Amino acid sequence: MLDQGAPPQSPPTAAPLSTAARLMRRKPVERLVAEGGQGEGGTLRRSLGLWQLTMISIGATLGTGIFVVLGEAVPKAGPAVTLAFVIAGLTALFSALSYAELAGTIPVSGSSYSYAYATMGELIAWVCGWCLLLEYGVSVAAVAVGWGEYLNELLSGTIGVTLPKALANPPGVDGGVFNLPALIVVLLAMAFLLGGAKESARANTVMVCVKIAALVLFCAIGFMGFKSGNYAHFMPLGMGGVSAAGATLFFSYIGFDAASTAGEEARNAQRDLPRAIMLSLVVVTALYVLVAAVAVGARPWRQFSDSEATLARIMRDVTGQDFWGTLLAFCAVIAIASVVLTVLYGQTRILFAMSRDGLVPKVFARVHPKTGAPRANTVIVSLFCGVLAAAIPLGQLADATSIGTLFAFALVNVAVVVLRRTRPEMKRTFRVPLSPVLPALGFLFCVWMMGSLSAVTWIVFGVWMAVGLVFYFVYGYRRSRLATDEALAVTAEK
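Residues numbered from 1 in each chain as written. Predicted model: local features only at pLDDT ≥ 70, side-chain atom pairs only at ≥ 80, totals over all residues. Heavy atoms only, no water.

(A) Just helix α8 (residues 122-158), in detail. Given a rise of 1.5 Å per residue, 37 residues ought to cover 54 Å, and the 53 Å separating the end C-alpha atoms of α8 matches this to within 8%. A large share of α8 lies buried, amounting to 32 of its 37 residues. (Helix = DSSP H or I, 4+ residues; strand = E, 2+ residues; numbered from the N terminus. Expected span 1.5 Å × (residues − 1). Buried < 20%, exposed > 50% of the residue type's maximum accessible area, 1.4 Å probe, protein only.)

(B) Layout of the nonpolar core. Within the largest apolar cluster, 155 residues are counted, with the highest numbers of intra-cluster contacts made by Ile66, Phe67, Leu70, Val81, Phe218 and Leu311. It is α8 that contributes the most residues to this core, 20 residues altogether. (Core = buried A, V, L, I, M, F, W, Y, C linked by side-chain atoms within 4.5 Å.)

(C) Inspection of the side chain of aspartate 257 at higher detail. Among the structural elements, aspartate 257 can be located in helix α13 (residues 255-260). Here aspartate 257 is buried and forms no salt bridge, its nearest opposite-charge partner arginine 349 lying at an N-O distance of 12 Å. Within the local environment of aspartate 257, its side chain forms a polar contact with the side chain of tyrosine 99, the two groups lying 2.2 Å apart. Among all residues touching aspartate 257, those that are not within four sequence positions of it are Tyr99, Ser111, Ser112, Leu132, Glu135, Tyr136, Ile350 and Phe409. (Lys, Arg positive; Asp, Glu negative; His and termini not counted. Salt bridge = Lys/Arg side-chain N within 4 Å of Asp/Glu carboxyl O. Polar contact = N/O pair within 3.5 Å; in protein donor to acceptor, adjacent residues only side chain to side chain. Contact = heavy atoms within 4.5 Å.)

(D) Main features of the packing of aromatic side chains. Applying the stated criterion to the full structure yields 21 aromatic pairs. With a centroid separation of 5.7 Å and an interplanar angle of 5°, the aromatic rings of tryptophan 126 and phenylalanine 471 are classed as stacked. With tryptophan 126 in helix α8 and phenylalanine 471 in helix α20 (residues 455-479), the pair connects residues that are 345 residues apart, well separated along the chain. On the accessibility criterion, phenylalanine 471 (31% relative accessible area) is partly exposed. With a centroid separation of 6.0 Å and 90° between ring planes, the pair formed by tryptophan 458 and phenylalanine 461 is classed as edge-to-face. On the criterion of helical spacing, the pair formed by tryptophan 458 and phenylalanine 461 is a turn pair, its members being three residues apart in helix α20. The exposure class assigned to phenylalanine 461 is buried, which follows from its relative accessible area of 6%. Taken together, the ring pairs in this structure connect Trp126, Trp130, Trp464, Phe471, Tyr472, Phe473, Tyr475 and Tyr477 into an aromatic cluster. Positioned above the aromatic ring of tyrosine 477 is the side chain of arginine 25, whose terminal nitrogen or guanidinium carbon lies 5.9 Å from the ring centre. (Phe/Tyr/Trp six-rings, centres within 6.5 Å; stacked < 30°, edge-to-face > 60°. Lys NZ or Arg CZ within 6 Å of the ring centre and 35° of its normal.)

(E) Fine view of a nonpolar patch on the surface. A cluster of nonpolar residues, Leu167, Val177, Phe178, Leu180, Ile184 and Leu188, forms a patch on the protein surface that exposes about 470 Å² of accessible area. Take the nonpolar patch: its biggest share by element is three residues, from helix α10 (residues 180-194). Accessibility expressed as a relative area gives 47% for leucine 188, which makes it partly exposed. (Patch = residues over 30% accessible without salt bridge, like charges linked within 9 Å, V, L, I, M, F, W, Y side chains within 5 Å. Areas by Shrake-Rupley, 256 points an atom, 1.4 Å probe, with all protein chains shown as cover.)

(F) Up close: unusual backbone geometry. Cis peptide bonds are those with omega within 30 degrees of zero, and the linkage from serine 435 to proline 436 qualifies with 10°. By the element assignment, proline 436 lies in the loop between α18 (394-422) and α19 (437-450). The backbone of serine 111 shows a phi angle near 55°, a positive value even though the residue is not glycine. Here serine 111 shows up in the loop between α6 (81-105) and α7 (112-119). Given the relative accessible area of 0%, serine 111 is considered buried. At leucine 434, a residue that is not glycine, the phi angle is positive and equals roughly 55°. Structurally, the position occupied by leucine 434 is in the loop between α18 and α19.

What follows is the structure, encoded as structure tokens:
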């Protein structure tokens, strides 16, 4: 018999999650995909096809490593800089395979941040996203610094006037006070992005075609001055120098990550993203190795430390005419601007995804209903990157970008294995061959190259990560959409 006097029993309520469980909570893949394109006040527009996605990937990759950072990398590796490009490209290949599988499975804007959220939990996702902010934001600044060097070469060859050193270099570099050209190119990229993804993609495609033509022209002319004696001592600084140069150059392989951030604006993301990533990597690596080989053959490696505008000066030295160097400088101004445009695009889309998840303020997820672009996000990020570019020297920026890139890529190689094991039934439009062997190699290569970076770079990285963790526990931990949804569920059951 039931005790009629007993009070009614309440249904059991869900116990609040422990701190450890909250840090490890994962966002379901289905929810990530279902929320694709949704922002505050509007949605992103699906307007990009395979061609545009490939051009975004090439645009973000091809340019910086060869037009700008080659002058930084050759003194570290000597003629073996060609080997450094191969090692960086091989490391990128292993990671690109993992990116291609995840981009086809989880076609969203957050790139490796979203992949980590679906596989390794919120804290790891935040760490990855924070690394991406370093990777993208500092990459934009690093590229913009080199753009000013080529702009001066162009001005000198056309009108015989250059910007004063105080306005053409960052503070502490050759009399620099404020790098005005770096700020200008970021603001120009911002203007394109405010018009929408489709319009930006069109402009980028034109610029990519110009840069490919410029590099092919450089190889044709540079080969005329090729001297085999410049390769007499191929590896003067040993394998350590090669790995250090490869780590510095690696940040220029950010491009296929940028392509993956277009997942919510691609017309057929699951089919086209993996193809765009792999195609762009093949094109870029082949051009990088070819141009580096010709450049070192045409100029002794010890003479590469005097300017970021290295290729233009090689053209001038080989031909003995200012015209060809000026032409290449013109093409480089356009080429490097496309890198700024596409990398800045990727930065805004990652912040868009993090904002939608509640981990950063909502302002970054606001979408303009007319253009389908996150306008406030674009303006804030552009101003920050522009000021950074104007105030910090290139070498420090390149290494800081490399360590963020390598860390994020390492996590992607882990994520693809985790998702294979936790969700084996999911449809995959591309599968990494020989998994988990190739993802493991990609992870190990990334860790090895991170170890080649300087102690100062590691200190900067450590400080950046500490700041990020403070921000997460002060802001994102409680404002996370998953956290608020769980709190509402617990409240509803009481």
